[in-house]
Every structure is written in C-alpha cells, then in structure tokens.
Amino acid sequence: MAETNDHKKSCNVFLVAENLSSVKARNGLMVLPNFDYANCPLMDIFIVPGGYGAEAYEIKNQTTLSWIKAKYLEVKHLASICTGAFLLAEIGFLDGLDVTTH
C-alpha cells in the first residue's frame, strides 16, 4: 500500500549490529539487524540498548565500543536503555555526569 501524506513515517527505525547475523534476545526472540557497522546510514537519534548482552559481552567488545564512540560524533542525540548505560560509561561518555539506570 502506498503511503499517503496522512500516513507518512515520522522517522525511520532500524537495528544495527556488528554483523548481519541474527541476535538471540531474551526468551529466545530472534532479532535480525537491518545494517551492520560498515553500512549503517546516518542517524539523528542513536539509542544503545541494554540487557544481559550489553553488560556481559559488548562491554568487552572493543569493535562495538569504538563504533559507538565514532557514531557519537555524527548523531544529534545519543541515549541508552537500561544497562546500555554501562557501555556509555565504559567509553567515558558519562564521566562527571549524574546517571541512573534500572
């Protein structure tokens, strides 16, 4: 169905991962990223998700941490959800800030 002016998307939401392999989320939900780090389009808003993978694996993944750091210079807004804040802290983005997470 073609979009009409009344139903235009207000934003383009997509998922990005280190590679295009599916990611197993909590309770077995399989998530397929739209882009990998190499072909991610420009973003206005970048949200770093949390969860077990963030605090157990990605916090040690220098490729992911470097990619987040590089994207920070390109985006208008950077936010995190839950333990995604741990990744931002690991990079040093939260130094000197008052921060809370669940």
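The residue count restarts for each chain, going from 1 along the sequence in the order it is written. Note on the predicted model: pLDDT of at least 70 is required for a residue's local features to be given, and 80 or more for side-chain atom pairs to be given and counted; whole-chain, interface and lining totals, by contrast, use all residues. No hydrogens and no water enter the side-chain calculation; it runs on all heavy atoms of the structure.

A closer look at the nonpolar core
The biggest cluster of nonpolar side chains holds 17 residues, and the ones touching the most others in it are Met43, Phe46, Val48, Trp67, Ile68 and Leu87. Put simply, DSSP H or I for four residues or longer makes a helix, DSSP E for two residues or longer makes a strand, and each gets a number counted from the N terminus. Secondary-structure elements contributing two or more residues to this core are β5 (45-48), α2 (62-72) and α3 (84-91). Top contributing element to this core by residue count: α3, with 4 residues. Residues count as neighbours in contact if any of their non-hydrogen atoms are within 4.5 Å of one another. In contact with Leu87, not counting residues within four places along its chain, are Val48, Ala54, Glu58, Ile59, Leu65 and Ile68. Buried Ala, Val, Leu, Ile, Met, Phe, Trp, Tyr and Cys residues form a nonpolar core when they are joined through side-chain atoms within 4.5 Å. The cut-offs for exposure are 20% and 50% of the maximum accessible area for each residue type, with area from a 1.4 Å probe on protein chains only; residues under the lower value are buried, those over the upper are exposed, and the others partly exposed.

A look at unusual backbone geometry
Although it is not a glycine, Asn27 sits at a positive phi angle of roughly 60°. Checked against the element boundaries, Asn27 lands in the loop between β2 (23-24) and β3 (30-31). A relative accessible area of 79% means that Asn27 is categorised as exposed. Unlike most non-glycine residues, Cys82 shows phi in positive territory, near 55°. Here Cys82 is to be found in the loop between β6 (77-80) and α3.

Looking at the pattern of salt bridges
Throughout this description, the term salt bridge denotes a Lys or Arg side-chain nitrogen within 4 Å of a carboxyl oxygen of Asp or Glu. For the coordinates displayed, the defined rule picks out 2 salt bridges. A salt bridge links Asp44 to Lys76; the shortest N-O distance between them is 4.0 Å. Of this pair, Asp44 sits in the loop between β4 (35-36) and β5 while Lys76 sits in the loop between α2 and β6, and the two are 32 residues apart along the sequence. Since its relative accessible area comes to 48%, Asp44 is described here as partly exposed. Relative accessible area serves as the criterion here: at 63%, Lys76 is assigned to the exposed category. Of the charged contacts, one joins Glu74 and Lys71 as a salt bridge, the two residues approaching to 3.1 Å between their closest N and O atoms. Judged by relative accessible area, Glu74 falls into the partly exposed class, the value being 42%.

Everything listed here is a matter of coordinates, which is why it stays silent on function.
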